Amino acid sequence: MTLSPERLAQVYRSMKLIREFEERLHTEIATGEIPGFTHLYSGQEAVAVGVCEALSDADYIASTHRGHGHCIAKGCDVTGMMKEIYGRADGLCKGKGGSMHIADFGKGMLGANAIVGGGPPLAVGAAIACQLRGAGNVSVAFGGDGSCNQGTVFEAMNLAVVLKAPVIFVFENNGYSEHTGVDYAVGSKDIAARSAGFGMPAEKVDGSDFFAVHAAMQRALQRARAGGGPSTIEALTTRFFGHFEGDPQRYRAKDEVAQQRRSMDCLARFRARMEADGGPLTAAQLDAIDAEVMAEIDAAVKAAKAAPLPPESELTTDVYINY
Ligand SMILES: Cc1ncc(C[n+]2csc(CCOP(=O)(O)OP(=O)(O)O)c2C)c(N)n1
Ligand SMILES: [Mg+2]
């Protein structure tokens, strides 16, 4: 175990925050109070947290349409995010972005992105900026299994290899692109091997195991920070909800999710690992973190519901950035 007890507690806290954020949103969305479209990240927490644990605010991530987990793992303020999703004036993006466009440049979070395969070119651009600044910072491109079929992603991977850009491509293979299974949609059936074809190291990890993701990320990070160029991590994972909120999920077996909640729950697996290793975190410590997180999410929802909507006078501002 290379992480201190304090950092392990932070890891568990981040994964639990993501889970409760999403589980609570699932309930709140059903009330009809939240505008827009939402894609929940529950089930994939170990990927976001395993990847972001060793990143600083000066390292960048480019996210996807399923971005809440990436934001939380990168340190975005949970209340600011909740307000953003509720479309409130003091949300992280003034309530104008919503679930699919949360960004926080101060935290190196370049934005969720409704364009599948839109993140990798941005992440490569950010990586080139890191390379030019020469401070050893890196950039991460998150994408789903569906994104690996996009031309933008191919071009981004090739350019990263050619320029030895300090970027890590993280493909979260949750088995589906919308309602289409990965076995049907990905010709080679092997995303990591496809990345390797571009000339970079690529490994496949168990995305429900924080420690496996973290170890792979350490290898990729060392390489990128040392000027060795890009790497790919394919994390095998699952989503506990539908593609979007409201998806009836008729393309999944009846008991598929229930079974995966039993066998692929990264929080349960983290707890089991602590128990098997005899610590360093006890069950009581983890329970205390759970209680803190529940209170934090509850407060975030209350604050979001009470916050003002943007005034009409702000309707046409922030359309273009002001430098
Ligand atoms: C360029 C583009 N094509 C199609 C879509 C419609 N779309 C939105 S999400 C999605 C599936 C993405 O699947 P995947 O990359 O596996 O991510 P997941 O939803 O599983 O997290 C698609 C096809 C889009 N948003 N952008
Ligand atoms: Mg997918």
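Residues numbered from 1 in each chain as written. Chains lettered and ligands numbered in written order. Predicted model: local features only at pLDDT ≥ 70, side-chain atom pairs only at ≥ 80, totals over all residues. Heavy atoms only, no water.

## Comments concerning the side chain of Asn173
Next up, step 1: Among the secondary structure elements, Asn173 is positioned in strand 3 (residues 167-173).
Next up, step 2: Using a relative accessible area of 10% as the deciding quantity, one classes Asn173 as buried.
Next up, step 3: Reaching out from Asn173, the side chain makes a polar contact with the side chain of Glu234 at a distance of 3.0 Å.
Next up, step 4: Once you skip the residues sitting within four places of it in the chain, Asn173 turns out to touch Asp145, Val182, Ile191, Glu234, Ala235, Leu236 and Thr237. (Helix = DSSP H or I, 4+ residues; strand = E, 2+ residues; numbered from the N terminus. Buried < 20%, exposed > 50% of the residue type's maximum accessible area, 1.4 Å probe, protein only. Polar contact = N/O pair within 3.5 Å; in protein donor to acceptor, adjacent residues only side chain to side chain. Contact = heavy atoms within 4.5 Å.)

## What about the packing of helix 1 (residues 5-29) against helix 11 (residues 266-277)?
Next up, step 1: Contact pair helix 1 / helix 11: the axes reach a minimum separation of 10 Å and the direction vectors enclose 155°. Classified by the interaxial angle, the pair formed by helix 1 and helix 11 is roughly antiparallel. In the crossing of helix 1 with helix 11, the sense of the turn from one axis to the other is left-handed. Across from Leu8, Val11, Tyr12, Met15, Lys16 and Arg19 in helix 1, the residues of helix 11 making contact are Cys266, Leu267, Phe270, Arg271 and Met274.
Next up, step 2: Grouping the amino acids of the contact of helix 1 with helix 11 by side-chain chemistry returns 8 nonpolar, no polar and 3 charged. (Axes fitted to C-alpha atoms, helices over the stretch in contact; angles between N-to-C directions. Parallel < 35°, antiparallel > 145°, perpendicular 65-115°, else oblique. Left-handed = near helix turned anticlockwise from the far one by under 90°. Nonpolar A, V, L, I, M, F, W, Y, C, P; charged D, E, K, R; others polar.)

## Brief notes about the coordination of the magnesium ion (ligand 2)
Next up, step 1: Asp145 (OD), Asn174 (OD1) and Tyr176 (O) make up the full set of protein donors to the magnesium ion (ligand 2), lying at 2.1 to 2.2 Å.
Next up, step 2: In primary sequence terms, the donor set of the magnesium ion (ligand 2) follows D-x28-N-x1-Y.
Next up, step 3: Owing to a relative accessible area of 16%, Tyr176 belongs among the buried residues under this scheme. (Donors = N, O, S within 2.8 Å, 3.2 Å for Na, K, Ca; no water.)

## A word on a nonpolar patch on the surface
Next up, step 1: A cluster of nonpolar side chains, namely Leu159, Val162 and Leu163, defines an oily patch on the protein surface of about 260 Å² accessible area.
Next up, step 2: Assignment of secondary structure puts Val162 in helix 6 (residues 151-163).
Next up, step 3: Under the relative-accessibility criterion, Val162 is labelled exposed at 59%. (Patch = residues over 30% accessible without salt bridge, like charges linked within 9 Å, V, L, I, M, F, W, Y side chains within 5 Å. Areas by Shrake-Rupley, 256 points an atom, 1.4 Å probe, with all protein chains shown as cover. Salt bridge = Lys/Arg side-chain N within 4 Å of Asp/Glu carboxyl O.)

## Considerations on the layout of surface pockets
To find leftover empty space, one rolls a probe the size of a water molecule over the atoms.
Next up, step 1: Considering only enclosed or pocket space, the largest pocket measures out at about 520 Å³ in volume.
Next up, step 2: Along the wall of the largest pocket there are 16 residues; nearest its centre are Cys93, Ala103, Phe105, Asp318 and Ile321.
Next up, step 3: For the lining of the largest pocket, the residue count by class is 8 nonpolar, 4 polar and 4 charged.
Next up, step 4: For the second largest pocket, the calculated volume is near 360 Å³.
Next up, step 5: What lines the second largest pocket is a set of 30 residues, among which Thr64, His65, Arg66, Val116 and His243 lie closest to the centre.
Next up, step 6: Elements represented by at least two residues in the lining of the second largest pocket include exactly helix 5 (119-133), strand 2 (139-144) and strand 4 (176-177).
Next up, step 7: No other element matches the 3 residues that strand 2 contributes to the lining of the second largest pocket.
Next up, step 8: For the lining of the second largest pocket, the per-class residue count stands at 10 nonpolar, 16 polar and 4 charged. (1 Å grid on protein atoms, 1.4 Å probe; cavity = no way out; pocket = protein on both sides within 12 Å on 5 of 7 lines; lining within 4 Å. Points joined across faces, edges and corners; volume = space filled by probe spheres on them.)

## A word on the pairing of strand 7 (residues 231-236)
Next up, step 1: Extensive coverage of strand 7 is indicated by the burial of 5 of its 6 residues.
Next up, step 2: Two elements, strand 6 (residues 202-206) and strand 7, share 5 bridges in a ladder whose sense is parallel. Directly across from Asp206, in strand 7, lies its bridge partner Leu236.
Next up, step 3: Chirality of the crossover, the property in question, places the unit of strand 6, helix 9 (residues 210-225) and strand 7 among those that are right-handed. (Pairing = 2+ DSSP bridges. Right-handed = clockwise from strand over helix to strand, strands pointing away.)

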